[in-house]
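Breakdown of the fold
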Amino acid sequence: MSDTTATLLASAPSTDLTLAEAIDIARSLRPQLVAEQAEVERRTTYSPELHETFKAAGFYRLLVPEMYGGLAWTMPDFVRLMGEVSRGCMSTGWCLTLGASHALLVSSLWPKSVQDAVFADGGHVVIPSTARPGGPALRADGGWVLNTTHPYSSGSPYSTHYVGQAFEYGPDGGAPLQQILFVAPRSAYEIQNDWGHTLGLKGSGSNTIVFKDSFLPADHVLEGTMQVDIRSSHTSPGFELHGNPMHLAPGQGFFGLDLSTVFVGGAFGALDEYERLMRERKTAGDAGSAPRARLHDPDYQRWFGLATARLNAAQAIVFDTAERWMEICHRVAAGGEPFSTADDMMLNMMCREATRLAWSAVQDIIYRTAGSSASVNGERMERAYRDLSQAWGHVNMIIEDSMARAWSSQTLA
């Protein structure tokens, strides 16, 4: 940890961290995040020391309710900070964001008895989650027994809990009876050492989580509930308990905001490296002209300007989507129209367009013109391109057509 970061941590209040203070901390960490990228990939997650820094800064408590020691930040502030972290290291940002964000899901959907247990450690939680059902769940006396497997559980290395899906089966097997959503403590599952073999995001801590004959109390399980198809109403357990309009939202727009702010932050990291190359390297030269500093070359100046504008536009979409998300939450809390599935899907689609715009800036401009030497193994640009490529193939990008069709069908009906 740098002296600057240590000073900022010492001066930042533990119970009322502002966005400006948190961004100062994130930016002070950027040189460390950049320097440790190779080691993050080898470890497949960020270091224990950085984990303790995030914990001391309150980054895991941003969406935890105040009554449990959390900071109860707004969604716009949360995505702004996670984008700043991701700008230094996209793998770290992915792991942190998806571990910290699901505190909102738990505090929205589960009853007080469960929240009391989950947030018992002063509000410190790290909760990865995957939406795909992981296997069978059986009813037992007073609860459920899980034997499930959940790959791609980003944020798992430092996790305190896990939120997942499973299918209920009867004692004799047969067809599944229903889908359930559950939250489980760290003692209930194992984390497999199986991450780091993908093209990119090798340091995102997206390990497989496994439950083996794990018992969960009945109140930890929500029956007939799908994480990606939560229907909003004018109340929820979290809204009744905390009075925060954010606890009235479903999950697709929120999930899109998580992914897009990390992606755009990672793309800005590629832009930072592009600027460094402009300042330090020369052009390849062309017919009749000698190589010159890229910084003073008209083509590189144009490329840098266009890439910066495109990424600023992508970031503006993410920020505006977060504001719209909040506006809808407040509308519902005031007794207006519920947060509809169509609302939720449109916000998710807007986030996807931000991702598309950021990807085009990197693929069409930054990576194409950075030069082949920038893509040598271990170079920051090479790693940024791999990370962004991996995220570009995420399932949230794959479902864009089906979601657009579903949104249009609902809206035009």
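Below you will find a few notes about this structure. All figures in this text were calculated on a predicted structure; none of them were measured in a lab. (Residues numbered from 1 in each chain as written. Predicted model: local features only at pLDDT ≥ 70, side-chain atom pairs only at ≥ 80, totals over all residues. Heavy atoms only, no water.)

**Here's the deal with the sheet that holds strand β7 (residues 221–223)**
To keep it simple, the criterion reads: The rule for pairing is simple: two strands pair if DSSP sees at least two bridges between them. Counting from the N terminus, the helices are DSSP H or I runs at least four residues long and the strands are E runs at least two residues long.
Pairing is mixed in the open sheet, where 7 strands are placed in the order β5-β6-β2-β1-β3-β4-β7. Looking at which strands have only one partner, the edges of the open sheet turn out to be β5 (190–191) and β7. Pairing of strand β3 (residues 161–170) with strand β4 (residues 173–185), which is carried by 9 bridges, proceeds in the antiparallel orientation. Each bridged residue has a counterpart across the sheet, and for Tyr-162 the counterpart in β4 is Ala-184.

**Quick notes on helix α11 (residues 298–333)**
An α-helical turn contains 3.6 residues, so any two residues separated by three or four positions project in the same direction. Cut-off, in case you're wondering: Expected helix span is given by 1.5 Å per residue-to-residue step, counting one fewer step than there are residues. Pairing of N or O atoms within 3.5 Å defines a polar contact, subject to two protein rules: one partner must be a possible hydrogen donor and the other a possible acceptor, and residues neighboring in sequence count only if both atoms are side-chain atoms.
With 36 residues, α11 extends 53 Å between its outermost C-alpha atoms, agreeing within 8% with the 52 Å of an ideal straight helix rising 1.5 Å per residue. The opening residue of α11 is Asp-297, an N-cap whose side-chain oxygen sits 3.1 Å from the backbone nitrogen of Asp-299. One or two positions beyond α11, positive phi appears at Gly-335, with a value near 95°.

**Details of the packing of aromatic side chains**
Selection rule: Stacked, tilted and edge-to-face are the three classes assigned to paired rings of Phe, Tyr and Trp, where Trp is represented by its six-membered ring and a pair needs centres within 6.5 Å; plane angles under 30 degrees give stacked, over 60 edge-to-face, the rest tilted. Relative accessibility under 20% of the residue-type maximum defines a buried residue, over 50% an exposed one, and the middle range a partly exposed one, all with a 1.4 Å probe and only protein chains included.
The tally for this structure, following the rule as stated, stands at 17 aromatic pairs. On the numbers, 5.2 Å between centres and 20° between planes, the contact of Tyr-46 with Tyr-158 is stacked. Residue Tyr-46 is found in the loop between α3 (37–43) and α4 (48–57), and its partner Tyr-158 is found in the loop between β2 (143–154) and β3; the two are separated by 112 residues along the sequence. No difference in accessibility class separates Tyr-46 from Tyr-158, as the two residues are buried. Site record: aromatic cluster; members linked through ring pairs are Tyr-46, Phe-54, Phe-59, Tyr-60 and Tyr-158.

The values reported here are purely geometric and, on their own, carry no functional implication.
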